Amino acid sequence: MAQIFAYITHKNGVADDMALELVAAANKIEAGAKVTAILTGSGADLDKVCNEMAASYSEVWKIDNAAMAHPNAEVIRKALVNILPGDAILLGPHDTFGMDLSPGLSIKINSTFVPDVVDIEGMDGSNLKVIRQEYSGMATTHILCDVSSGSVLNVRGGVFQADESKSAGGQVVDKSGDAGDLTVGRRFLEIVVAEVGDVDITKSDVLVSIGRGIEDEDNIEIAQELAEAMGADVSCSRPIVDAKWMEKSRQVGTSGQTVKPKVYLALGISGSFQHLGGIKGAPFIVAINKNPKAPIFQVADIGIITDILDFMPELTEKIAG
Amino acid sequence: MEILVCVKRVPDTAENEIEVKSDGTDIERDDLVYSVNEWDNYAVEEAIQIRDNVGSGSVTVISVGDEESEEILRREMAMGADNGILLSDDAFEGSDGKGLATILKAEIEKGKYDLILTGAQADDGAAQVGGMLAAMLDIPYASLVNYLEVIDDKKLKVGREIEGGNQEMNEIDLPCVLSIQTGINEPRYVGIRGIRKVASVEIPVHAASDLGIAADAIGQANAKVKRVDYFVPDLGEGAEMLEGDTEEIVNKLIELLKAKGGLK
Ligand SMILES: Cc1cc2nc3c(=O)[nH]c(=O)nc-3n(C[C@H](O)[C@H](O)[C@H](O)COP(=O)(O)OP(=O)(O)OC[C@H]3O[C@@H](n4cnc5c(N)ncnc54)[C@H](O)[C@@H]3O)c2cc1C
Ligand SMILES: Nc1ncnc2c1ncn2[C@@H]1O[C@H](COP(=O)(O)O)[C@@H](O)[C@H]1O
């Protein structure tokens, strides 16, 4: 069996939640596998995370280089090409960094690539059998991926139960010297932090959240009236922001806000994993959608199959009395 | 600036209920409404705006697909793209991401492009073709681009969308590949008249032999990442569905909302 690696992202000396989920994912490829974590970065923060990761990984490869102080995937890809063995199976996160790094990495090391893995069934000859979703979660598939000359697998966050055992007793190995030439054609400039909006939806107890099912900008008023009657705030899914119908600060999801309400009303929202990734703290979720197959119904507590444009005014009227 | 935009024809998930066929070989395709991949539409709009701002160059849209993909190429030309190219061959069918990037690369190398745009992701949520293409062409790549500014004919300033709505600003050398995120612009509306204008423009179709692609690099038989089947996963209970007439449902919901602290 090929050696299994996990690329760990981290910020300010703290590993991403995925760090321990990837241990669990690796164990689904090979039970009891000795997994090597790879961390890139620079300075004391990097040392701190590497030392922590040694509890969960049998080996931790550290690549310390000033050019990696910010995680520029172009730079990191070059380093990984130089240090990974030919048949390596590398697990990474299916997030904005993994999407940037991994497809190109798989080409450069002549391996296979599977994005957004939601489950792993195990080896089947020289293939690894994994599960993916298509059409925003409306269809699920089995994928066979040839791993005989290595593979890069990007794993969806939150689908594997984090392995908290911390019993690997691993050691940190400094691989900085093997990274090679790191000059690339893309240079990091700065991070522009998201603007703060008029309402801070991360503090709201009750959210009336609208998605593409609202159909028209003029209909947003109907949701606002409902929110007002309920004493709630209005939030939304990404297409509403893309259409410039609401402020970015109202967007719930991985590329928007992380909210922790008590009650979340999802109106005309299909339930993509990027949207659900922004809902924390296990709120009571009510999904209202006209498509009975919408994935949102799998995560909601209460579901109603109806047209939100008809339903919202009825609900508002009854609540307002 | 010579700009190439990769576009894909996909079932429109906002318009369709996707159902898996009972034998698991595919999704039900009868009656599906197709359109251009949402992300690709933003990429084409961005390309058109760059061309118009720079004041020279052209926008070419390209798709790997069957003859029906011509319809989306035409739509993007109605938006303002100058040329369309369809890459179509039975041998392309069932290609994995690497196979698709191989096909696109062969056509790209026949031209001379300063900038290649893809959508951030398409219908199977893979987000892979752009990054693979850049690696094969050995040029820089940036994914999830939601801001783009031409600095000069050698470099761009691009913003990448990262977690939490934050933005990572980069400088990137040309030529390069960028994957475009939704929201970067407001794609223009295409009316019937626009479509009519380009209805008779010829769109060249290139096959594997025209592109000189080795037969063992593409297609279902050579895909090292293969979809085995579609299936309906066991997802447990799911939501409790409220049924009945609207009044009953409204009353029940209000009761539940009160109990859970959802009404003030
Ligand atoms: C890197 C990346 C980051 C992303 N980040 C985010 C994010 O932070 N937040 C986010 O939300 N998305 C994000 N997305 C987009 C995400 O993948 C989905 O495209 C998006 O969440 C879909 O939004 P939606 O559910 O409103 O729209 P759709 O998926 O189009 O769903 C609309 C739903 O409304 C229903 N509907 C339509 N009309 C009605 C009606 N009249 N009555 C009732 N129901 C109706 C339909 O049945 C459908 O289920 C991200 C994508 C990428 C690639
Ligand atoms: N068949 C195709 N023809 C042309 N471009 C494609 C094709 N498939 C994917 N792409 C491009 O690659 C992007 C990402 O798709 P994917 O990697 O499949 O998620 C799309 O937005 C398109 O720009």
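Counting of residues starts from 1 at the beginning of each chain's written sequence and follows it residue by residue. For this description, chains carry letters from A and ligands carry numbers from 1, given in the order in which they are written. Totals for whole chains, interfaces and linings use every residue, but because this is a predicted model, local features are given only for residues with pLDDT of at least 70 and side-chain atom pairs only at 80 or more, for both listing and counting. As a rule here, side-chain values come from all non-hydrogen atoms in the structure, and water together with hydrogens is ignored.

A. Up close: the overall build of chain B. Put simply, DSSP H or I for four residues or longer makes a helix, DSSP E for two residues or longer makes a strand, and each gets a number counted from the N terminus. When helices and strands are tallied, chain B shows seven helices and 13 strands. Projected onto its principal axes, the C-alpha coordinates of chain B cover approximately 65 × 45 × 40 Å. For every residue, the accessible area obtained with a 1.4 Å probe (protein chains only) is divided by the maximum for its type, and the residue is called buried under 20%, exposed over 50%, and partly exposed between those limits. A buried classification covers 53% of the 264 residues belonging to chain B. Note on contacts: a residue pair qualifies if any of its non-hydrogen atoms lie within 4.5 Å across the two residues. Within chain B, counting contacts between residues at least 6 apart in sequence, those at least 24 apart form 68% of the total. Carbon and sulfur atoms provide 44% of the accessible area of chain B, an area that totals close to 12,100 Å². Method for areas: the Shrake-Rupley scheme with a 1.4 Å probe, in which residue coverage is limited to the protein chains shown.

B. Local environment of the overall build of chain A. Secondary structure summary: chain A contains nine helices and 18 strands in total. Once the C-alpha set of chain A is aligned to its principal axes, its extents read approximately 70 × 45 × 35 Å. Out of the 321 residues belonging to chain A, those deemed buried represent 57%. Here the analysis covers contacts within chain A between residues at least 6 apart in sequence; of these, 64% occur between residues at least 24 apart. Summed over all atoms, the accessible surface of chain A reaches about 12,300 Å², with 47% contributed by carbon and sulfur.

C. Highlighting the domain arrangement of chain A. Domain ranges listed in this record stem from an automatic or a database domain assignment. The domain boundaries assigned to chain A delineate domain 1 (4-178) and domain 2 (201-320). Using only C-alpha atoms to locate each centre, domain 1 of chain A and domain 2 of chain A end up separated by 34 Å.

D. Examining the site of ligand 2 more closely. All names here are of chain B. Contacts to ligand 2 come from 18 residues, most closely from Cys6, Asp40, Val64, Ala127 and Gln128. Under this definition, polar contacts are N or O atom pairs within 3.5 Å; protein pairs additionally need one hydrogen-donor-capable and one acceptor-capable atom, and for neighbouring residues in sequence, both atoms have to be side-chain atoms. Here an oxygen atom of ligand 2 and a backbone polar atom of glycine 119 are 2.9 Å apart. The separation between an oxygen atom of ligand 2 and a polar main-chain atom of valine 129 is 2.9 Å. Across the complex, the protein chains shield 98% of the 480 Å² of accessible surface that ligand 2 would expose by itself. Where the shell around ligand 2 is concerned, the elements lending two or more residues are strand S4 (58-64) and strand S6 (115-119). When residues in the shell around ligand 2 are grouped by element, the largest group, three residues, is from S4. Three classes are used: nonpolar for Ala, Val, Leu, Ile, Met, Phe, Trp, Tyr, Cys and Pro, charged for Asp, Glu, Lys and Arg, and polar for all others, with Gly counted as polar. Tallied by class, residues from the shell around ligand 2 come to nine nonpolar, six polar and three charged. Proximity is defined per residue: if any heavy atom of the residue lies within 4 Å of a molecule or strand, that residue is considered near it.

E. Local environment of the environment of glycine 104 of chain A. One can find glycine 104 of chain A in helix H4 (residues 96-108). Apart from residues lying up to four places away in sequence, glycine 104 of chain A is in contact with Arg77 of chain A together with Gly131, Met132 and Ala135 of chain B.

F. Quick look at the sheet that holds strand S5 (residues 83-87) of chain B. Taken together, the 10 strands give an open sheet; going across it, the order is S13(A)-S9(B)-S8(B)-S7(B)-S10(B)-S6(B)-S1(B)-S4(B)-S5(B)-S11(B), and neighbouring strands pair in mixed fashion. Among the strands making up the open sheet, the edge pair consists of strand S13 (186-192) of chain A together with strand S11 (205-206) of chain B. One requirement defines pairing of two strands: DSSP has to find at least two bridges between them. Taken together, the five bridges between strand S1 (residues 2-6) of chain B and S4 of chain B define a ladder with parallel strand orientation. Across the sheet, the residue bridging to leucine 4 of chain B is threonine 60 of chain B, located in S4 of chain B. Simply put, an axis is a line fit to the C-alpha atoms, just over the touching stretch for a helix, and the angle between two N-to-C directions goes from 0 to 180 degrees. Contacting S4 and S5 of chain B, helix H2 (residues 70-79) of chain B crosses the sheet at an angle of about 165° to S4 of chain B.

G. Region of interest: helix H3 (residues 73-83) of chain A. All names here are of chain A. Among the 11 residues that make up H3, eight are buried, leaving the element largely enclosed by the rest of the structure. The set of residues buried in H3 consists of Ala73, Glu74, Val75, Ile76, Arg77, Ala79, Leu80 and Ile83. At the N-terminal boundary of H3, the capping side chain belongs to asparagine 72, with an oxygen 3.0 Å from the backbone nitrogen of glutamate 74.

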